[in-house]
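# Coordinate inspection notes
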Amino acid sequence: MMGNALLRLSKLSTWVSPLSWLPLSGLALLLNTEPLLASPGKMGALKEWIQKVAAPGRESADVRALISKGVYWYERYRFDLAGQSFSKALLLEPGNTEVLKWHGLTDLAKGDVVTAGIWLERLEKSDSPLNIHAIELRQMLRVSTTKRQAMAEVRYMSETAATSDKWVAQLKSIFDQEPIGLAAQEYYTLLARSPAHRDEARGKLQMLARRFPNEKRYKDMLAKISPAPEKQEVAAQKKAAPVQVKPDVTAQVTTPEPEPTSVEPPTIGFAEAQALSQQGLDLAQKGQVEEGIALMRQAVLYLPDYPWFRYDLAITLNASTDPAERTLAAQVMKEGLEFNQDPDMYFANALVASQQDRNQDALNLLQQVPREDWSLSMAQMDGRLRYSNHLDEVNTLNQSGSYNELNQKIRARPEFRAEAEIMALEESLKQRMKPTLDMAYDNSVISGSQGISNIATREIPLEVRLPLDLSNTLFFRADQMRLDAGDLRDNANINNTRDFGKLDTLTDEQLAQQVGQSTPNNYSGYMLGMGLTRGAYRFDLGRPVGDFPVQSWVGGVQYKMDLGEASLRIDLARRMVGGSVLSRVGAVDPVTGEVWGGARRNGLTAVYYQPLQLKMDFVGIARLNRITGENIPSNNEVNLQGILSRTVYANKTQKVEVGASLFLWSFSRNMSFYTFGQGGYFSPQAFGSLTLPITWTGKTDQWSWSTQLSIGASESRSDDALRYPGFEAVDAQVQARNGTADPLLTFTGGPGGGTSTGIKIQVERKLSDQVSMGGFAQIDRSEGFNPDLLQIFLRWTPEAQVQLNSPPEPVTPYSRF
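These remarks concern the structure in this document. (Residues numbered from 1 in each chain as written. Predicted model: local features only at pLDDT ≥ 70, side-chain atom pairs only at ≥ 80, totals over all residues. Heavy atoms only, no water.)

### Re the overall build of the protein chain
Rules: The numbering of helices and of strands both runs from the N terminus, where a helix is a DSSP run of H or I of at least 4 residues and a strand a run of E of at least 2. Any two residues having at least one pair of non-hydrogen atoms within 4.5 Å are treated as being in contact. Using the Shrake-Rupley algorithm and a 1.4 Å probe, accessible areas are obtained, with residue cover drawn only from the displayed protein chains.
Secondary structure assignment for the protein chain yields 28 helices and 22 strands. A fraction of 60% describes how many contacts in the protein chain between residues 6 or more apart in sequence connect residues 24 or more apart. For the protein chain, the accessible surface area stands at approximately 40000 Å², while carbon and sulfur atoms represent 55% of it.

### Quick word on the packing of helix α14 (residues 198-211) against helix α15 (residues 216-224)
In plain terms, the rule: Axis definition: a line fitted to C-alpha atoms, over the contacting stretch in the case of helices. Angles run 0 to 180 degrees between N-to-C directions. Should an angle fall under 35 degrees it is taken as roughly parallel, and over 145 as roughly antiparallel, whereas 65 to 115 is taken as roughly perpendicular and any remaining angle as oblique. Helix crossings fall into two classes, left-handed where the near helix is turned counterclockwise from the far one by less than a right angle and right-handed where it is turned clockwise. Polar here means any residue outside two lists: the nonpolar Ala, Val, Leu, Ile, Met, Phe, Trp, Tyr, Cys and Pro, and the charged Asp, Glu, Lys and Arg; Gly therefore counts as polar.
One way to put it is that α14 packs onto α15 with a least axis distance of 9 Å and a crossing angle of 155 degrees. Overall, the two elements α14 and α15 adopt an arrangement that is roughly antiparallel. For the crossing formed where α14 meets α15, the hand is left-handed. Contacts between α14 and α15 involve Arg202, Leu205, Gln206, Leu208 and Ala209 from the former and Tyr218, Lys219, Met221 and Leu222 from the latter. The class makeup of the residues in the contact of α14 with α15 is six nonpolar, one polar and two charged.

### A look at the nonpolar core
We apply this condition: We define the nonpolar core as a collection of buried residues of types Ala, Val, Leu, Ile, Met, Phe, Trp, Tyr and Cys that are connected through side-chain atoms lying within 4.5 Å of one another. For every residue, the accessible area (1.4 Å probe, protein chains only) is compared with the maximum for its type, and the residue is labelled buried under 20%, exposed over 50%, or partly exposed between those bounds.
Within the largest apolar cluster, 98 residues are counted, with the highest numbers of intra-cluster contacts made by Tyr74, Leu171 and Tyr218. No other element matches the eight residues that helix α21 (residues 343-355) contributes to this core. Leu483, Leu488, Leu582 and Ile632 belong to the second largest nonpolar core, which has 39 residues in total.

### Some details on the pattern of salt bridges
To be explicit about the condition: Salt bridges are counted wherever a side-chain nitrogen of Lys or Arg sits within 4 Å of a carboxyl oxygen of Asp or Glu.
Under the definition given, this model contains 30 salt bridges. In this structure, the salt-bridge partner of aspartate 361 is arginine 358, at a minimum N-O distance of 3.0 Å. What makes aspartate 361 partly exposed here is its relative accessible area of 36%. Among the salt bridges present, the one from aspartate 504 reaches arginine 737, with a minimum N-O distance of 2.9 Å. Taken together, the residues span a long stretch of sequence, with aspartate 504 in the loop between β5 (500-501) and α26 (508-516) and arginine 737 in helix α28 (residues 728-738) at a distance of 233 residues. Judged by relative accessible area, which is 7%, aspartate 504 ranks as buried. Residue arginine 737 is classed as partly exposed on the basis of its relative accessible area of 27%. Within the structure, one salt-bridge network assembled from shared partners comprises Arg498, Asp499, Asp504, Asp508, Arg723 and Arg737.

### What about the packing of aromatic side chains?
What counts is decided by this rule: Pairs were defined over the aromatic rings of Phe, Tyr and Trp, the Trp ring being its six-membered one, requiring ring centres within 6.5 Å. Orientation was assigned from the angle between planes: stacked under 30 degrees, edge-to-face over 60, tilted for the rest.
Enumeration according to the criterion identifies 27 aromatic pairs in this entry. For the pair phenylalanine 86 and tryptophan 102, a centre-to-centre distance of 5.9 Å together with 15 degrees between the ring planes defines the contact as stacked. With phenylalanine 86 in helix α7 (residues 79-92) and tryptophan 102 in helix α8 (residues 97-109), this pair connects stretches of sequence that are 16 residues apart. Summarising the burial analysis for this pair, phenylalanine 86 and tryptophan 102 share the class buried. Taking 4.8 Å as the distance between ring centres and 85 degrees as the angle between the ring planes, the aromatic pair formed by tyrosine 187 and tyrosine 188 counts as edge-to-face. We classify tyrosine 187 as buried; its relative accessible area is 7%.

### Comments concerning a nonpolar patch on the surface
Here is the rule we go by: Patches here: salt-bridge-free residues with over 30% relative accessible area, like charges joined within 9 Å, nonpolar side chains (Val, Leu, Ile, Met, Phe, Trp, Tyr) joined within 5 Å.
A cluster of nonpolar side chains, Leu624, Val638, Leu640, Leu662, Leu664, Leu690, Leu692 and Ile711, forms an exposed patch at the surface whose accessible area comes to about 710 Å². Elements with a contribution of two residues or more to the nonpolar patch: β13 (632-650), β14 (654-667) and β16 (686-699). Here leucine 640 lies in strand β13. Residue leucine 640 is classed as partly exposed on the basis of its relative accessible area of 46%.

### Looking at α28
In plain terms, the rule: The directions from the helix axis to the C-beta atoms are what the arc is built from.
Of all the positions in α28, only Val730, Asp731, Val734 and Gln735 are classed as buried. Along the axis of α28, the buried residues cluster in a sector spanning 140 degrees; they form a single face. Opposite its buried face, α28 presents the exposed residues Ala729 and Ala736, each directed more than 90 degrees away. Glycine 739 lies just past α28 and shows a positive phi near 70 degrees.

### Description of the environment of serine 194
Position of serine 194 relative to the elements: it lies in the loop between α13 (181-191) and α14. Residues serine 194 and serine 158, spaced 36 residues apart in sequence, show a C-alpha to C-alpha distance of 7.3 Å.

### Digging into the environment of serine 672
We count it as follows: Distance and chemistry together define a polar contact, namely a pair of N or O atoms within 3.5 Å, with one atom able to donate a hydrogen and the other to accept it when in protein, and with adjacent residues in sequence counting only for side-chain atoms on both sides.
Along the chain, serine 672 turns up in the loop between β14 and β15 (674-675). Judged by relative accessible area, serine 672 falls into the buried class, the value being 18%. In this structure, serine 672 is in contact with Gln678, Gly680, Tyr681, Phe682 and Ser683, ignoring residues within four places of it in sequence. Of note is the side chain of serine 672, whose polar atom sits 2.8 Å from the side chain of asparagine 670. One polar contact links the side chain of serine 672 to the main-chain amide nitrogen of serine 683, over a distance of 3.1 Å.

### Details of the environment of leucine 208
Mapped onto the elements, leucine 208 comes out in helix α14. Expressed as a C-alpha distance, the spacing of leucine 208 and tyrosine 218, which sit ten residues apart in the sequence, is 6.7 Å. Sequence-distant contacts of leucine 208, defined by excluding residues within four places in its chain, comprise Pro179, Ile180, Ala184, Tyr188 and Tyr218.

### Looking at the pairing of strand β1 (residues 436-446)
Spelled out, the test is: Between any two strands, at least two bridges found by DSSP are needed for them to pair.
Here β1 shows one buried face, formed by Thr436, Asp438, Ala440, Asp442, Ser444 and Ile446, and one open face, formed by Leu437, Met439, Tyr441, Asn443 and Val445. Looking at chain direction, β1 and strand β3 (residues 462-467) are connected through four bridges and run antiparallel. Along β3, the bridge assignment pairs threonine 436 with arginine 465. Here β1 runs beside strand β22 (residues 787-796); their pairing, made up of ten bridges, is antiparallel.

### Regarding unusual backbone geometry
Omega for the peptide link from serine 806 to proline 807 comes to 0 degrees, which places this bond in the cis form. Of note in this structure, aspartate 357 is not a glycine but carries a positive phi near 65 degrees. With respect to the helices and strands, aspartate 357 occurs in the loop between α21 and α22 (359-366). When its relative accessible area of 67% is taken as the criterion, aspartate 357 is described as exposed.

As structure tokens, then:
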């Protein structure tokens, strides 16, 4: 039957001759010939395809040169340069199946199995009935994934001269058809280790060499497996020596009394040791870790030179939370090198080192293996480790704000620039060189006494950022701001107005006349500022302008420090104190026209971030400030806050976190009131709160959002406060009006606190490539404090793609920096 098929196929010689790289016998074998050639329809398809691919100029000299260049770099483990050559070839001939194959093999060598599978799908969809390139890539995917462990076992058994019939049968079961290309290289090299099958391996390679005369690798393989038979037998006898048990110092299983010296140590076969190791793994996975480790130790004891029994034991030990067990895992692997220095033992050691985040150790172990002896998995691991180290370095530069150095680092390693993370960083660097404009409408309300503690704020922040280079960006702020406390005449109780300024010095008639007039406590103007971000630093300086009573400057220096997984941010700044019109921009006394208030925080803030576990984070905040202002005494503020958060659910687009926040706060003076000399800001002498938030954040291509619900409880204590601190003469005027001579007048302090609830919603939507729009709403409810805040913001990047942040980042008004 086969002869008849070849006879029929030979009649095609008049139109198949251009395919000199594939003789007719090769066509028959690769096509599983008999069923195909027996079908006239399939023969027609074959003839049509061969005529098409054999047409003059089918593969240009440029494409052939690019393929050769790519293979050159592939064989030298420069998969980045190989991929570039194959990509260029594919641009010239998108359907070239050889190029598609090499693309897949290159991605497989880089460890990207998914992308290699995509190339295979493209190959299998090609109209080539002789798709030898798809066969080669499919075989390599198979031995690199589902049959990886089986191949490792075959390598070991072939080196230890285990019964050749067994491991040869296992080797042949791995392939569902005759191997070709890289798969053939590994297959026949292993097969030739069996003296009984060495001639078979050489014969198959000779057939491949004849079938593919342009494939140099088959001839190279033939040269490598052609030592004299006697040399093969000597090597086999050396390998066949019984495996003797050598006590393993890491074993902690009960052992019998030492045997007499005249008794040979016990020996055991590979299959028995493998069964022990597998039983141990199964027990460990079921939770019987100690029993499983004991069995795996025995397997290592019996075959101390087999790397993968050691590897199973090491990764089980490494999974422990006990540092001593993790140290022992590294020791188990290191001891294996005393018994065996073959590539697999170094590879297994490198795998454990990598799992212990000892990437440089892993790289050093791989370097002990000559490049020509590297397996595909070793090449993949080497690439992954080098990329991991590179990624750590660039992320450190990115987090520290060293963007010019980051750009240089990325460009210095072109082999990694096609990686997704690096591409994203490069894109972010491009974005940094584009101007941006952020603006918002921000409205907040804190209910209180009309004309005094009530505050309705409307701000329209505007920020323009102009990059000077990657690390230096100028920014300008021009925020329109209106602060409205209301009008004193709208106060429901006229006696409440005596708690503002020096109104308490007036008689009842004078007070009624004063308050009866329009006495607004409202101001408007702009918060102007400019600043510079320079790497990890940010500098800014600004001031309020308009009809604000107090227009003192604000500004600061911020520094961000990368501490490995942790980070630290330090702010040395002078900022507005929120809470009321009086505290932010000051007020004018209706009686005398004097100005007071406009409190400013002058001090240091440190924010420390530390991931505690894979899904748990800690943030610690410390503040130390001295608060000053116009005609108000200075005050000292200390604040400590600790925040724990844990991710309880996460997928690619969203996550849910629960947390706990402990907040401690203290001021040296109680400056919470609104009479002349008081500050108008909440300032208890002791305050503590515990808040429990739950947060849902998410991001898609077009949307970004964050929602937080929280409940909490607080306790506070405030001292009695002088009514007119620093202005005892005002006390005397009040006492004269009252006809008394009491001690200094005070506001009564006392305990406070209660429960609180809150909700915060942030959302952002990409409207176009350059524009995004978002909203922010926050409502808090607690005893005596009920702020509401609403913001709508717009972000415009006229020369670049707008980037959605997760969670969304509303525009912070300059007054609340």
